[in-house]
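The primary structure of each chain is shown beneath.
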Number of protein chains: 2
Amino acid sequence: MNNTISLIDAFKQAKYPLPGHGKRNVQVLKTAFEQVDGEMESDMYGAGEVIEGYQHKMAKLLGKESAVFFPSGTMAQQIALRIWSDVKGNKKVAYHPTCHLEIHEKDGLKELHHLEPILLADESRPVLLKDLEGLQEEAACVLLELPQREIGGQLPAFEELEAMSAFCRERGIKLHLDGARLFEVLPYYGKSAEEVCALFDSVYISVYKGIGGIAGAVLAGDRDFTEQSKVWKRRHGGDLISLYPYIVAADYYMERRLPLMEKYYHEAKELAVLYNGCELLRTVPAVPVSNMFHVHSERSKEQLEQIFAGVTLETGVGFTQSVREKKDGGAYFEISLGDRYGEAPRPIVAEAFRLLDQRLKAAEAV
Amino acid sequence: MNNTISLIDAFKQAKYPLPGHGKRNVQVLKTAFEQVDGEMESDMYGAGEVIEGYQHKMAKLLGKESAVFFPSGTMAQQIALRIWSDVKGNKKVAYHPTCHLEIHEKDGLKELHHLEPILLADESRPVLLKDLEGLQEEAACVLLELPQREIGGQLPAFEELEAMSAFCRERGIKLHLDGARLFEVLPYYGKSAEEVCALFDSVYISVYKGIGGIAGAVLAGDRDFTEQSKVWKRRHGGDLISLYPYIVAADYYMERRLPLMEKYYHEAKELAVLYNGCELLRTVPAVPVSNMFHVHSERSKEQLEQIFAGVTLETGVGFTQSVREKKDGGAYFEISLGDRYGEAPRPIVAEAFRLLDQRLKAAEAV
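Residues numbered from 1 in each chain as written. Chains lettered and ligands numbered in written order. Predicted model: local features only at pLDDT ≥ 70, side-chain atom pairs only at ≥ 80, totals over all residues. Heavy atoms only, no water.

Under an unreviewed UniProt entry, the name given to chain A is Low specificity L-threonine aldolase, and the source organism is Paenibacillus nanensis. Note on chain A: under the UniProt heading Cofactor (unreviewed entry), the record states "pyridoxal 5'-phosphate". Per UniProt, chain A carries the Sequence similarities (unreviewed entry) text "Belongs to the threonine aldolase family." (UniProt positions renumbered as here; feature names shortened; annotations may be inferred.)

Okay, here's the thing in structure tokens:
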């Protein structure tokens, strides 16, 4: 890569970046606050119209008795599992091996809450009923992530979800939803948020994935559960004097983007077809079930970076800003569809993929 | 109080509110962001110019090797004590009975970190060298809060601080500064932040007390310490994808208000003279050593609320928006000086205090 541009720099210069909503810059905040009256009062340690009103709205949308705004999903989900563990008097909680709590949180669940995860299923697929049936020990709580982000955003069938929910209810196992991307899967399921959440005892959603806010999360459940979650939120240091910068942005972008989730989903399927049209690339899942998917290749990370950077420079089409190595050889990257894909002219995109396919095949021959 | 206005409503209507910087409303954010370029990139999970630049600036200001921005002081301080406890292999930490960690955090320190506090001194005074000398068991860490907020913002003499620091260093006890209001005490000490922080192994400062930002905190120390604090920040759920709404505001208001701390301190002394001029009120400390003090009275909470509301309505001078009961009878409230006091015309303020003194004496006679 001597004297050539890095992939991230090529992507940043791309006239037509395909994934995402846009740059994560201060304009995201400025736009959300443009029409907000400066006299609007801040929330104060969880109280006040700006936070209570939003929490009420989210409880209603998710079909739960109550909801609490959190600065992060990391905090919200550890707390959910801790509450269910205390309720059941059992430190075991079960989730997928790629669960956010297992791989992205420096073991906060274990170090702060001393919970003991049981890993369900494997990296080839999401958790299914057979995994719950196969549990060798009792768990206080099962966490299901919809879609399972780290394996490309795979989903169980809705009937499978219903069966897992019934299984847990019969056995008194609490069921928690990692719905970081819940709204993104609703078009595929053809269900409302409320219908999906009804299968779970507690629900977390993120406000900065498909919604595209600045940061923050919502945790919902019955009032007992959310009241306990507020105590833990204080203990974690998450009961900030003011969370309104995140709440106002969450509300603003949610209003605009929830109606677009269907569009992002269809565009993800369209874009996946383009990737799968390249002989040396394939998407996981083969047909997306949300606005996201992964792109895998047997080519190396370095080869892919160089080829993507080159095609981006030539065509103006931005594919991805990073590529990750796979443990077992080859490389992959993640795609999430947002506002930007719809703005890229289709003929230019098609030409970029034609060139990409050609370059990948040429690289192989080396 | 039938058919009369509540104290908080009277205060909100006051033309001349004496304490604080101003309303905690959305304008605080809008003003801070007015001149910020929308193209400025967000921080991403602790990386990026906006967070790294601010952390670097704060490390320099506090005279420490490194600094980390946290969403809250609750999170930052639990983490500081946890790190020192792990370093020393000792769960005991020592602090004042009114320490924030002891009374405002729902026992997060105990519930999440299983640390065991030793309480030093009592509610009549701050921690002194004799308290450390009298420790009956070994502590991993001593936390000193400057000023001790819940007892009116009292301070040990600087020589006493130096002696406590030397005592801890000799014995290998880590010394942590709860400097939520550190900048507010510098005029009294006649020292720089760096000179005070040099006495401590780790330092926390708040960006929304005297500085008047939106929320957030800074934790500083040597690089080993701050690197460990970042791991715990992730575990606590405080490593948000974007903290810039708080950082930009912190930086904006710090630039404007650090030079005003001396003014707030002198005004606090001036205002304390007015309170102490009322026969039935007295300030703690008698002469403030920062921008804050408490006002105590033998009159009841209800009497005080009614009298303050009445005088505020008549004169337009806002004294306080709340009064708290004292355990042993009587009542008190807290005053923090900020931008507003300087804007109130002195003759109107003097007249309001004359009336207040009169009403308090009349109430006594009832």
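The rest of the description comes next.
(A) Quick peek at helix 9 (residues 182-189) of chain B. Residue and element names in this part refer to chain B. Among the 8 residues in helix 9, 7 count as buried, and that is most of the element. Along helix 9, the positions that sit buried rather than exposed are L182, F183, E184, V185, L186, P187 and Y189. Where helix 9 is buried, its residues contact helix 3 (49-62), helix 8 (158-171), strand 6 (174-179), helix 10 (193-197), strand 7 (202-206) and helix 13 (261-276). One or two positions beyond helix 9, positive phi appears at G190, with a value near 65 degrees. (Buried < 20%, exposed > 50% of the residue type's maximum accessible area, 1.4 Å probe, protein only. Helix = DSSP H or I, 4+ residues; strand = E, 2+ residues; numbered from the N terminus. Contact = heavy atoms within 4.5 Å.)

(B) Seen up close, the relation of the copies chain B and chain A. Rotating chain B by 180 degrees about the axis while translating it 0.0 Å along that axis superimposes it on chain A, leaving an RMSD of 0.0 Å. Both copies of the chain, as the preceding transformation shows, are related through a two-fold rotation axis. Closest to the rotation axis within chain B is the C-alpha of B:L112, separated from it by 2.5 Å. Counting the interface residues of chain B, we find that 100% of their copies in chain A are interface residues as well, pointing to one common contact surface. (Least-squares fit on C-alpha atoms with pLDDT ≥ 70 in both.)

(C) Highlighting the environment of B:G216. All names here are of chain B. Mapped onto the secondary structure, G216 falls in the loop between strand 7 and strand 8 (217-221). Residue class for G216 comes out buried when judged on its relative accessible area of 1%. When the C-alpha atoms of G216 and G73 are compared, they prove to be 6.8 Å apart, with 143 residues separating the residues in sequence. In this structure, G216 is in contact with F69, F70, P71, S206, V207 and Y208, ignoring residues within four places of it in sequence.

(D) Geometry of the UniProt feature "domain: Aromatic amino acid beta-eliminating lyase/threonine aldolase" (unreviewed entry) in chain A. The positions that UniProt labels "domain: Aromatic amino acid beta-eliminating lyase/threonine aldolase" (unreviewed entry) are, in the present scheme, residues 39-293 of chain A. With 45% helix and 15% strand, residues 39-293 of chain A has its two end C-alpha atoms placed 43 Å apart.

(E) Structural view of the interface of chain B and chain A. Facing 51 residues of chain B, the contacting portion of chain A comprises 51 residues. Between chain B and chain A lies a buried interface of about 4,200 Å² when both sides are counted; carbon and sulfur atoms form 57% of it. In this assembly, chain B and chain A are joined by 4 salt bridges. For B:E41, the salt bridge identified is with A:K12, shortest N-O distance 3.8 Å. On the surface where chain B and chain A come into contact, there are 35 residue pairs in polar contact (both at pLDDT 80 or more). If you list the elements that add at least two residues to the side of chain B that touches chain A, you get helix 2 (26-33), helix 4 (73-88), helix 6 (108-113), helix 11 (223-236) and helix 12 (244-257) of chain B. A breakdown of the residues in the side of chain B that touches chain A according to their chemical character gives 22 nonpolar, 14 polar and 15 charged. (Buried area = accessible area lost by both parts, 1.4 Å probe. Salt bridge = Lys/Arg side-chain N within 4 Å of Asp/Glu carboxyl O. Polar contact = N/O pair within 3.5 Å; in protein donor to acceptor, adjacent residues only side chain to side chain. Nonpolar A, V, L, I, M, F, W, Y, C, P; charged D, E, K, R; others polar.)

(F) Region of interest: the domain arrangement of chain A. Residues and elements named next belong to chain A. Domain boundaries assigned for chain A yield domain 1 (7-22 + 260-365) and domain 2 (43-241). Contact with domain 2 buries surface across domain 1, with M261, V289 and M292 losing the most and accounting together for 39% of the total. Where domain 1 packs against domain 2, one counts 2 salt bridges. For E123, the salt bridge is made with K327, and the minimal N-O distance between the two is 3.4 Å. Summed over the shared surface of domain 1 and domain 2, the number is 5 residue pairs in polar contact (both at pLDDT 80 or more). Sorting the residues of the side of domain 1 that touches domain 2 by element identifies helix 13 (261-276), strand 10 (292-297) and strand 13 (331-336) as the ones contributing at least two each. The greatest single-element share of the side of domain 1 that touches domain 2, amounting to 4 residues, is contributed by helix 13. (Domains from an automatic or database assignment.)

(G) Broad picture of the packing of aromatic side chains. Summed over all chains, the structure comprises 29 aromatic pairs over all chains. Note on A:F33 and A:Y244: the rings are 6.3 Å apart at their centroids and 65 degrees apart in plane angle, and the pair reads as edge-to-face. With A:F33 in helix 2 (residues 26-33) and A:Y244 in helix 12 (residues 244-257), the pair connects residues that are 211 residues apart, well separated along the chain. Both rings, one in B:F158 and one in B:Y189, keep their centres 5.3 Å apart while their planes meet at 65 degrees; by these two values the pair is edge-to-face. (Phe/Tyr/Trp six-rings, centres within 6.5 Å; stacked < 30°, edge-to-face > 60°.)

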